[in-house]
Amino acid sequence: MLKDKSVAITGSAKGIGRYIASRFAQEGANVAILDIDEERLAQTHAELADFGGQVLAIPTDVKKEGTIRIAMAEVAEKFGGIDVLINDAGIVPHFQWGGPRWAAIKDMEESFFWHVMGVNLGGTFLCSKHVTPYMEEGGGGHIVNLYGGGGKTPAGALAYAVSKEAIVHFSDFHAEEVRDANICVVAISPGGAIATEDAPEEARSRMPGPELAGERFLLASQAPLEMSGRLLDLDDSGKLVVVR
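What you see as residue numbers is a count from 1 along each chain, following the sequence as written. With pLDDT at 70 or above as the cut-off, local features in this predicted model cover only qualifying residues; side-chain atom pairs require 80 or more to be listed or tallied, and sums for whole chains, interfaces and linings still use all residues. Side-chain descriptors were evaluated using all non-hydrogen atoms of the structure, hydrogens and water having been removed beforehand.

> I tried to follow the sheet that holds strand β7 (residues 231–234) on my own but got confused; where do I start?
The pairing of strands in a sheet happens through backbone hydrogen bonds and is either parallel or antiparallel. Taken together, the 8 strands give an open sheet; going across it, the order is β3-β2-β1-β4-β5-β6-β7-β8, and neighbouring strands pair in mixed fashion. Here the strands that pair on one side only, and so sit at the sheet edges, are β3 (55–59) and β8 (240–242). This sheet shows a mean twist of 25° between the axes of neighbouring strands, independent of strand direction. Paired strands, as defined in this entry, are two strands with at least two bridges between them according to DSSP. For helices the rule is a DSSP run of H or I covering at least 4 residues; for strands it is a run of E covering at least 2, with both sets numbered from the N terminus onward. Here 3 bridges tie strand β1 (residues 6–10) to strand β4 (residues 84–87), and the two strands are oriented parallel to one another. By the bridge assignment, Ala 8 is partnered in β4 with Leu 85. By the convention used here, residues are in contact when the closest approach between their heavy atoms is within 4.5 Å. Orientation is described by lines fitted to C-alpha atoms, with helices fitted over the stretch in contact, and by angles between N-to-C directions that extend from 0 to 180 degrees. Together, β1, β2 (30–35), β3 and β4 form the strand contacts of helix α3 (residues 65–79), whose direction differs from that of β3 by roughly 165°. Contacting β5 (141–146), β6 (183–188) and β7, helix α5 (residues 158–178) crosses the sheet at an angle of about 165° to β6.

> Would you take a moment to explain the packing of α3 against helix α4 (residues 110–138) for this structure?
In a packed pair of helices, the relevant descriptors are the angle between the two axes and the axis-to-axis distance. In contact at an axis separation of 9 Å, α3 and α4 are set at 35° when each is read in the N-to-C sense. For the pair α3 and α4, the sense of crossing is right-handed. Residues Glu 65, Ile 68, Arg 69, Met 72, Ala 73 and Ala 76 of α3 pack against Leu 126, Cys 127, Lys 129, His 130, Val 131 and Tyr 134 of α4. Throughout this entry, Asp, Glu, Lys and Arg are counted as charged residues, while Ala, Val, Leu, Ile, Met, Phe, Trp, Tyr, Cys and Pro are counted as nonpolar. The remaining residues, Gly among them, count as polar. Looking at side-chain class alone, the contact of α3 with α4 contains 8 nonpolar, 1 polar and 3 charged residues. Note on convention: near helix rotated counterclockwise from far helix by under a right angle means a left-handed crossing. Clockwise means right-handed.

Take a look at the structure:
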């Protein structure tokens, strides 16, 4: 069902976004990878080209509306529309890898807090804003927003967790705006904490990698409209279910 679909994925030069892009490419989708890291973007573009489908790599800063507007227009022109948007780009605390914790709020720089919000929540807003007209024109589509947890202890994940909870509410409200246009908006997590290819070897030896996500993003991109606006997960049988 995903063959020849047009899919745009932010934050897809590495990590979970790279895995998601690879899975869509394996299914025969036309994949646009959007990321601020141009060197890694080129590497991932070469990897995805091996699957035989159309691949487009666009250097993109999700905090800058002008680059998002241009990127979505380029994807729509190249692929004849946009069927699926995966809002993956985000800033994630990596202290579970053994890295430094983010500062407590009393010590956090205001600029850092708004940087996290600007990428995680703001990027989701801007990409959703500029993809919506193309989906309306095409008769519908799916927007999949990346959710994530963040425990209260040890401290350090507050800014990240707040941005991700805000994305759930954003999805809920945006879904109602676009329901009549047959656009399904959902939020879903990778399934747990993961260690990406940039994690220290010690972390990669004890934590699951992006493959933990399995088919969940493929399934979310085909969720029925009645699930729009909801936070989704997979049950033990691998079926999409509503969490809230």
